[in-house]
Amino acid sequence: MDWSKIKTIFIITFLILDVYLLFQFMKIRDANKYEYITPTSIEEMLKIDEIRYKELPKGPFKDQYLSAKPKMFAKDDILKLKGQTTALKEPSTSLQMKLDKPIPLNEKFEAADITPFIKDNVLYGDQYQFWKKDDKKNTITYFQHYGNMTLYENLSGMLTFHIDDKNQIVSYEQTYLEDIEKMTEKEEILPPLKALETLYQKGMLKPKSKITKVELGYSSLIQLSASQALAPTWRFVVDDNQSLFVNALEGQIIEFNSDGN
């Protein structure tokens, strides 16, 4: 028996085995590395959590910051209004009006029911859009809009109707932003899918929820007594009853408090 040949055969065999094992190790490592650096897309993550959404608005999108000033209502403004009274004595940013003749509402309220009154009897009435009816507070809220884009949750651009126990509108409060101007040049803003990803990553979207509406408006970035800075803002309506907001230029989630800030 030639032990030197057998020894050589063993050495060659083990070398081949080592090369094979090294090859398998490198293959597995590369596969794991590839899986690690390949992120799951936001569409796939939403699908996994069964979060549905309608077709999103298509871009490219550009917008800019705006500036605005709260209007000071004076007695001259009151003279333009008929069939209503106020206790306004000094100029104020809030106009509080009482109707001489209450407006009865249908049992099933539709915003269109009071549209004619708003256009004909409220200052700048055509610049407000319906927001919601609150049956607990007995109020109907409208927010001012600019270029068909709503000024979200802005207490300085708001119209609030008060309803009595007979389901009649008896009074309203109004604030209004004037001298709305562009502060900056238009620039690219976050696409809606990217804003949706921000909400998802922050845990704002529950599994199996549905995005029922997506729109672009403005929210107050800086709110002072004499002026405001407004930022373009994405609004996502979830399951028809919750609104989530994302700053479309800077990407932060916006949560309003009771003061509208």
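Presented here is an overview of the structure given in this document. (Residues numbered from 1 in each chain as written. Predicted model: local features only at pLDDT ≥ 70, side-chain atom pairs only at ≥ 80, totals over all residues. Heavy atoms only, no water.)

### Re the pairing of strand β3 (residues 66-70)
Successive residues of a regular strand alternate their side chains across the two faces of the sheet.
Consideration 1: The two faces of β3 differ: Leu66, Ala68 and Pro70 on one face are buried, but Ser67 and Lys69 on the other face are not.
Consideration 2: Where β3 and strand β11 (residues 177-182) come together, 4 bridges link them in antiparallel fashion. Directly across from proline 70, in β11, lies its bridge partner leucine 177.
Consideration 3: Taken together, the 3 bridges between β3 and strand β14 (residues 228-238) define a ladder with antiparallel strand orientation. Pairing of leucine 66 across the sheet is with leucine 230, part of β14. (Buried < 20%, exposed > 50% of the residue type's maximum accessible area, 1.4 Å probe, protein only. Helix = DSSP H or I, 4+ residues; strand = E, 2+ residues; numbered from the N terminus. Pairing = 2+ DSSP bridges.)

### Things to note about helix α5 (residues 192-201)
Consideration 1: For α5, the tally of buried residues reaches 7 of 10 residues, placing the bulk of the element in the interior.
Consideration 2: Restricting attention to buried positions, one finds in α5 the residues Pro192, Ala195, Leu196, Glu197, Thr198, Leu199 and Tyr200.
Consideration 3: Next to the buried residues of α5 lie α2 (42-48), β1 (52-53), β13 (210-223), β14, β15 (242-247) and β16 (253-254).
Consideration 4: Of the residues one or two after α5, glycine 203 is the one with positive phi, at around 75°. (Contact = heavy atoms within 4.5 Å.)

### Quick look at the packing of aromatic side chains
Consideration 1: By the definition in use, this model includes 13 aromatic pairs.
Consideration 2: Ring geometry for tryptophan 131 against tyrosine 152: centres 5.9 Å apart, planes inclined by 50°, an arrangement best described as tilted. Of this pair, tryptophan 131 sits in strand β6 (residues 128-134) while tyrosine 152 sits in the loop between β8 (149-150) and β9 (158-163), placing them 21 residues apart in sequence. Comparing tryptophan 131 with tyrosine 152, the two get one shared label, buried.
Consideration 3: Ring centres of phenylalanine 245 and phenylalanine 256 lie 5.1 Å apart, and the angle between their planes is 85°; on these two criteria the pair is classed as edge-to-face. (Phe/Tyr/Trp six-rings, centres within 6.5 Å; stacked < 30°, edge-to-face > 60°.)

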